[in-house]
Each structure stands twice: as structure tokens, then as C-alpha cells.
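What follows is each chain in one-letter form.
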Amino acid sequence: MYGVMESQFRKYMNDAFNTPGISGNNLLRTLERRLDNVIYHFGFADSRKQARQMVQHGHFAVNGRKTDIPSFLVKPGQTISWTESSKNREFFSDRTDGLPRRTLPTWLTLDLAKMEGEVVSMPPDNELPDTINSRLIVEFYSR
């Protein structure tokens, strides 16, 4: 679902085990905070794969700095915006017409006038994806 390779996923699991709280929720919270996933939630991309490619091609900036790392973990207070060079392309208008396309999580805000979004807080437990059984993942990696 998130397009994460095994070695990176193992790192996320180690971090989830070492963070206080429920390990499964810690893992899902980390996956939700990835830059490519946040771009997807803003509606700038139709899928997480497309969001990943857009980030890799350098279409986005975090707090004004161009970022091309899809696994970049955004923190509360950080702003994600299109780079100036991307705003001048037809691609930008195709991606931003008709926003918002889906319901925006409460931990994110989107400014349609500026076409930028902000991470307001960490993803709350009730907004983590319920389609993933994190308990099975934790059991598997705790061996």
C-alpha cells in the first residue's frame, strides 16, 4: 500500500518498537507521515505511486526547501508546497483543478489559495488506516 521496501520497513518497525505507545499505531503513524503519502492525502496525486514519482521529480518543497525524497517524514508545523518551477507548468493546473478530491484528514490543512498544505499535528489513532492489521505485522517482526 505504501510502496516501502523490506529494509526500510524493518527500520520503521524498529523505530515503532522503541517509541512509547502501541507499536502498531506507531508504525502506521510513521507510514502516514511520509511525504509521498501526505501529497496523496492533499489530493495533489491520484495514487501513492504517482505522489512518490512527483516527489522524486522535485515538484514539492517542505518549508520552502525543494525535497525529492518520498520517505521524508513530515513533522507538525511543516508546510508542503509546489516548487515555483512546477507552478508554471500545465501539469500543475491539471493536478490542482477540482481540489479537494477526497476528505482531508484532521491532522492536515490545505490552503487552496496558495496551493500549499500544512501538517497540523501527528495522525491521531482514530484516523490511522483500519484496513491494515498492524497487530499481525507487530507479531511477525517481534520474533
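Presented here is an overview of the structure given in this document. (Residues numbered from 1 in each chain as written. Predicted model: local features only at pLDDT ≥ 70, side-chain atom pairs only at ≥ 80, totals over all residues. Heavy atoms only, no water.)

As for the nonpolar core
Right, on to step 1. Among the nonpolar cores identified, the biggest contains 21 residues, and Leu35, Val38, Ile39, Phe44, Phe60, Ile80 and Trp82 are the most heavily contacted of them.
Right, on to step 2. Elements that contribute at least two residues to this core include exactly α3 (35–42), α4 (48–56), β1 (60–62) and β3 (79–82).
Right, on to step 3. Not counting the four nearest positions on each side in its chain, Ile39 is found in contact with Phe44, Ala45, Ala51, Val55, Phe60 and Ile80. (Core = buried A, V, L, I, M, F, W, Y, C linked by side-chain atoms within 4.5 Å. Buried < 20%, exposed > 50% of the residue type's maximum accessible area, 1.4 Å probe, protein only. Helix = DSSP H or I, 4+ residues; strand = E, 2+ residues; numbered from the N terminus. Contact = heavy atoms within 4.5 Å.)

Section: helix α7 (residues 134–141)
Side chains three or four residues apart in an α-helix point the same way, a direct result of the helix having 3.6 residues per turn.
Right, on to step 1. Restricting attention to buried positions, one finds in α7 the residues Ser134, Val138 and Tyr141. Buried positions in α7, seen along its axis, are confined to an arc of 75 degrees and lie on one side of it. Every exposed residue of α7 that faces more than 90 degrees away from the buried side is listed here: Arg135 and Leu136.
Right, on to step 2. Buried residues along α7 sit against α1 (6–18) and α2 (23–32). (Arc of directions from axis to C-beta.)

Examining the pairing of β3
Right, on to step 1. Examined bridge by bridge, β1 and β3 share 3 bridges and lie antiparallel to one another. Within β3, the position partnered with Val62 by the bridge is Ile80. (Pairing = 2+ DSSP bridges.)

A word on the sheet that holds strand β4 (residues 108–111)
Hydrogen bonds along the backbone pair up the strands of a sheet, which may run parallel or antiparallel.
Right, on to step 1. On the basis of which strands lie adjacent, the open sheet formed by 5 strands has the order β2-β1-β3-β5-β4 and antiparallel pairing. Bordering the open sheet on either side are β2 (65–66) and β4, each of which pairs with just one other strand.
Right, on to step 2. The pairing of β3 with strand β5 (residues 116–119) spans 3 bridges and is antiparallel. Opposite Ser81, over in β5, you have Glu116 as the bridge partner.

Shape descriptors only; they carry no functional weight alone.
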